[in-house]
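Results of the structural survey
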Amino acid sequence: MIESVVGYLYVASAILFVLALKWMSEVKTARRGNWAGSLGMLIAIAATMIAFKVQRTDLVIIAIAVGSLIGVPLALKLPMTAVPQRTAMSHAFGALAVALVGTAEYYQRIPQISNFAMIVLTAEMILGFLTFTGSTVAFLKLQEIIPGKPFIYRGRNFVIGAVVAVIAVMAAGLIINPNNHFFLPVLIAAALVFGLLLVMGIGGADMPTVIAILNAYAGLSAAALGFVLDNQLLIVAGTLDGASGFILAILMCKAMNRSFVNVLFGGFGATASKGVIATGDVKPINIEDVYLMLEAASSVTFVPGYGMAVSQAQQVLRELGELLEKNGAEVLYGIHPVAGRMPGHMNVLLAEANVPYDQLIEAELINPKMPTTDVCVVIGANDVVNPAAKEDKTSPLWGMPIIEVDKSRTVIVLKRSMNPGFAGIENPLFFKDNTRMLFGDAKASIQALISEFRSG
Amino acid sequence: MHDNVVPVSINLLIFLLSAFLGLGLIKKVSKLLHTPLMSLTNAISSVSVVAALIVMAEPKNILILTLATIAVALAATNVISGFMITERILRMFKKDNGGKTK
């Protein structure tokens with residue numbers, strides 16, 4: 001009797017998870033979606049505790065208390081600029097949890113374990129452990145504890161290939177005879193090393209894609225665990241998460257015109273070709289002239305990139321935007337999908353700074369407006385506005401969809417110095433006739449513009 | 001341990017249907033919300049806490065109990081911080097009204 005009740009509770013929980021994603025489709029209903037998800041989770045946990053008669057409630061309470069002690073302060077205090085790091089960390093936690101349960105389940109079932117269960121369990125452990133180290137490296141890079149540059153060396157692909165071979169042999173050994181339990185520690189170690197090596201070779205600018213791929217892996221490993229434990233709720237929830245990571249990864253790859261394989265093994269930014277060297281005159285501009293230009297403009301579009309997050313310029317940017325609106329200009333923000341360090345990063349930062357979300361316009365929708373835009377202001381973005389993507393076939397960016405700021409009447413680029421961007425790719429935008437360079441820290445420059453407006 | 005009560009084929013069916021449903025739903029999510037979408041799905045996939053609890057129910061030895069308990073703590077961290085951060089992020093998205101001074 002009680003078991004069938006629990007079954008229905010799992011169904012309720014699965015429906016709530018699906019509704020949560022459905023309601024996430026638009027801002028109006030998104031919060032309701034989050035509440036649906038939370039309720040679904042609460043039901044799932046309560047039903048499990050009752051149905052499986054978990055005896056060691058003391059340990060469960062301790063574990064959940066530890067989780068709350070880490071989770072609650074993290075959730076309340078986390079600065080929005082650090083959301084990519086926390087996302088990477090949560091993938092690491094989730095994947096490790098799944099991998100540990102998989103390992104525990106292996107020891108629990110041995111020596112009676114079916115071949116099918118062993119195949120799924122092996123896949124689950126490989127995915128879980130590699131996602132754990134991979135996400136940990138992503139976290140360390142985003143938090144700048146280790147350098148964000150891709151760590152590329154001669155023979156990288158050979159080393160990775162060797163580790164994959166070890167994983168394959170150990171996996172085969174375990175699947176053929178699950179009682180070969182001495183293969184398991186080697187398999188785990190190899191999977192851990194694989195995740196580490198893979199993400200070490202990927203640069204900070206590729207993090208949006210990497211985070212999305214790791215998200216998909218974490219979800220899929222949870223779904224695999226559902227197969228092993230014969231728990232359908234886990235299959236549903238894990239698969240939904242996997243699908244989400246997968247779609248985001250595809251979107252990120254499309255936004256960079258690259259493939260998964262190229263992101264994972266390309267070592268972007270470490271390649272020899274930087275594109276045709278852009279030449280010409282760079283035309284610097286001072287604060288006063290920028291002020292005059294903005295003051296006269298009737299349409300202004302800001303294009304932010306990771307540099308905006310680094311210099312924490314989003315608040316002052318919103319202030320400047322409001323002053324321009326009061327001055328009668330139409331103000332929009334052009335958001336490229338891979339601007340920042342995770343999908344949607346710029347939107348969150350600008351929303352936090354109180355920019356109304358209907359002013360945040362995605363790349364495909366802002367581009368048609370470019371020819372009629374008076375002034376485009378580029379803040380800490382580089383590759384996503386690089387016209388070499390359309391003009392220079394030798395550029396590593398060739399074919400990538402960009403925000404076509406060069407089509408606007410005037411472009412003002414806020415930049416620290418003439419150093420090329422993170423990936424070191426030549427950017428001919430800086431040399432265009434309609435481009436003016438405002439050198440200096442983005443936040444300081446925008447603050448100076450604000451005081452010009454206030455006094456002028 | 002319990003034998004499989006549900007045939008593998010049914011589980012596979014559930015997996016495939018969830019995958020199609022997930023792909024369809026996620027495609028419709030506004031690009032504005034991709035960051036909170038990630039924190040939400042991350043919290044949801046931490047339903048693996050359920051798996052850890054199931055393993056905790058009848059552990060054969062202390063190693064298994066320890067691994068499962070650690071997993072509960074890790075997954076619980078994700079559940080709690082995931083839903084809370086999503087709520088925090090979503091609260092920040094406001095439409096253009098009231099904010100403007102006339």
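The structure we're discussing is the one just above.
None of the values given here were measured: they were computed from a predicted structure.

Topic: unusual backbone geometry
Residues and elements named next belong to chain A. That bond from Ile110 to Pro111 is cis: its omega, 10°, falls within 30 degrees of zero. With respect to the helices and strands, Pro111 occurs in the loop between helix 4 (83-109) and helix 5 (115-142). For Asn257, which is not glycine, the phi dihedral falls at a positive 55°. If you trace the backbone, Asn257 turns up in the loop between helix 9 (232-256) and helix 10 (260-265). In the Ramachandran plot, Gln312 falls in the positive-phi region, its phi being about 55° despite a non-glycine side chain. Residue position: Gln312 is located in the loop between helix 12 (306-310) and helix 13 (314-326).

A word on the nonpolar core
Core analysis: the largest hydrophobic core is formed by 196 residues, its most contacted members being Val101(A), Leu187(A), Leu234(A), Val378(A), Ile379(A), Ala52(B) and Val72(B). Beyond its immediate sequence surroundings of up to four residues, Val72(B) is in contact with Val60(A), Ala63(A), Ile64(A), Val49(B), Ala52(B), Leu53(B) and Met56(B).

Describing the pairing of strand 5 (residues 410-415) of chain A
Residues and elements named next belong to chain A. Counting buried residues in strand 5 gives six out of six residues, a clear majority hidden from the surface. Because side chains alternate across strand 5, one face comprises the buried residues Thr410, Ile412 and Leu414, and the other comprises Val411, Val413 and Lys415, equally buried. Strand direction decides the pairing type here: strand 4 (residues 375-379) and strand 5, joined by five bridges, are parallel. Of the residues in strand 5, the one forming a bridge with Val375 is Thr410. Of the strand pairs in this sheet, strand 5 and strand 6 (residues 435-439) are connected by five bridges, and their pairing is parallel.

What about the environment of Thr69(B)?
Following the sequence through the fold, Thr69(B) ends up in helix 4 (residues 62-92). For Thr69(B) and Ala52(B), which are 17 residues apart along the polypeptide, the C-alpha to C-alpha distance reads 7.1 Å. The residues touching Thr69(B), leaving out its near neighbours within four places in the chain, are Leu59(A), Ala63(A) and Met56(B).

Rules and cut-offs
- Residues numbered from 1 in each chain as written.
- Chains lettered and ligands numbered in written order.
- Predicted model: local features only at pLDDT ≥ 70, side-chain atom pairs only at ≥ 80, totals over all residues.
- Helix = DSSP H or I, 4+ residues; strand = E, 2+ residues; numbered from the N terminus.
- Core = buried A, V, L, I, M, F, W, Y, C linked by C-beta atoms within 7 Å.
- Buried ≥ 20, exposed ≤ 12 C-beta atoms within 10 Å, placed from the backbone.
- Contact = placed C-beta atoms within 7 Å.
- Pairing = 2+ DSSP bridges.

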